[in-house]
Amino acid sequence: MKEKIDKIFEDIKQLNAKDLNELEQIRIYYLGKKGVLNALFDEFKTLPPEEKKIYGKQLNDLKNQLQNFINTKKEELESKSQAPTSKIDFSRPAQLFHSSSLHPISIVRNRIINIFARIGYDVAEDIEIEDDWHNFTALNFPPDHPARDMQDTFFIEKNPDIVLRTHTSSVQIRLMEKEKPPIRYIFPGRVYRNEAISSRSHVFFHQIEGLYVDHNVSFADLKDTLEYFAQSLFDKDTKIRLRPSYFPFTEPSAEMDISCNLCGGRGCSFCKNTGWVEILGCGMVHPNVLKNCGIDSDEYTGFAFGLGIERITNLLFSVNDLRLFSENDIKFLHQFSVLD
Ligand code: DAH
């Protein structure tokens with residue numbers, strides 16, 4: 001008995017199986033019903049009591065060791081058989097996820113809309129293919145005004161009455177024809193000019209127009225609104241300055257400069273050492289314009305302003321080539337993904 005047990009203890013040290021099938025053969029050989037161990041247990045029953053004491057524990061140890069070997073080896077072989085056989089290297093780093101982003105023009109447009117929404121302005125949009133009345137005549141442009149020139153304006157099918165709108169001021173007319181004061185709107189949109197494409201000019205760009213018409217609207221209201229706007233969009237220390245100007249649809253008219261946001265007004269190459277950069281045109285709505293829309297100019301006054309979104313985007317993000325905005329270059333656009 002002793003020799004048999006010792007031999008199996010020795011055998012266990014050498015045991016190995018290259019697959020589950022071989023392991024099962026080993027199990028049957030040692031632990032199966034007719035296996036070596038059961039034969040030993042049968043023999044054990046015939047032993048005298050003093051020998052049973054010695055071999056009982058050894059036989060149980062033997063059984064446990066065999067069972068352990070079978071279990072551990074089985075786990076090992078099973079996990080191996082599940083290992084991927086494909087050639088894909090799962091440890092390679094994942095590809096970075098590129099989220100999409102808003103176009104910089106949309107980012108700036110949305111910021112401006114939000115600034116005016118906070119002080120009660122609604123948003124309106126209207127058509128881009130306009131007639132002469134809404135784009136020029138109702139806005140008090142005289143018949144011979146240079147802006148009507150074919151050099152500046154895209155006329156459709158040589159019909160001088162149909163134009164691609166040259167500014168969002170046309171929406172002022174469309175709105176005032178429909179609605180009675182109080183009118184308080186901003187209108188963003190795309191506009192078209194017959195220009196040679198370069199870093200500084202393009203055949204289309206974007207504007208935001210503002211219009212406020214009510215009883216007793218004054219130039220002081222205009223100035224206050226524009227200062228709030230400039231300080232909200234740039235920073236709270238931004239200063240504004242209004243310079244007299246001329247637009248047919250406003251009287252008086254002005255152009256607004258802000259203190260240069262790059263040098264803080266001290267003067268740099270960007271502001272040509274003046275400390276100021278121009279950002280918009282504005283003025284009090286001309287009484288003729290109110291009349292053209294059926295609004296009593298003795299009862300109501302209003303102010304209007306218009307700005308180029310590209311220009312503001314240039315100031316905020318230092319994009320100084322207009323063509324970048326319409327080239328759809330992902331490398332350019334992706335830089336704005338953190339801002340929207
Ligand atoms: N329509 C003008 C342009 O395109 C901008 C403008 C100036 C709009 C003065 C206004 C304004 O509403 O009051 O250059």
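On a predicted model such as this, the values are computed, not experimentally measured, just so you know. (Residues numbered from 1 in each chain as written. Predicted model: local features only at pLDDT ≥ 70, side-chain atom pairs only at ≥ 80, totals over all residues. Heavy atoms only, no water.)

What follows deals with the packing of helix α3 (residues 36-45) against helix α4 (residues 49-82). Direction vectors running N to C along α3 and α4 enclose 170 degrees, while the axes themselves pass 11 Å from each other. It follows from the interaxial angle that α3 and α4 lie roughly antiparallel. Crossing handedness for the pair α3 and α4: left-handed. On the side of α3, the interface is formed by L37, L40, F41, F44 and K45, while α4 contributes K52, Y55, G56, L59, N60, L62, K63 and L66. Across the contact of α3 with α4, the residue classes tally to eight nonpolar, two polar and three charged. (Axes fitted to C-alpha atoms, helices over the stretch in contact; angles between N-to-C directions. Helix = DSSP H or I, 4+ residues; strand = E, 2+ residues; numbered from the N terminus. Parallel < 35°, antiparallel > 145°, perpendicular 65-115°, else oblique. Left-handed = near helix turned anticlockwise from the far one by under 90°. Contact = heavy atoms within 4.5 Å. Nonpolar A, V, L, I, M, F, W, Y, C, P; charged D, E, K, R; others polar.)

Here the focus is unusual backbone geometry. Along the chain, P181 connects to P182 via a cis peptide bond; the corresponding omega equals 0 degrees. You can see P182 is positioned in the loop between α7 (169-178) and β5 (183-192). Look at the link from E251 to P252: it is a cis peptide, with omega at -5 degrees. Take P252: it is sitting in strand β8 (residues 250-259). With phi around 75 degrees, N140 is a residue other than glycine that occupies positive phi space. Within the element layout of this structure, N140 appears in the loop between α6 (132-135) and β3 (155-156).

Here the focus is the packing of helix α5 (residues 104-117) against helix α10 (residues 309-317). Axis separation between α5 and α10 bottoms out at 9 Å; the angle between their running directions is 95 degrees. Here α5 lies roughly perpendicular to α10, going by the angle between them. Contact residues: α5 offers P104, I105, V108, R109 and R111, while α10 offers I309, E310, I312, T313, L316 and F317. Looking at the contact of α5 with α10 residue by residue, the classes come out as seven nonpolar, one polar and three charged.

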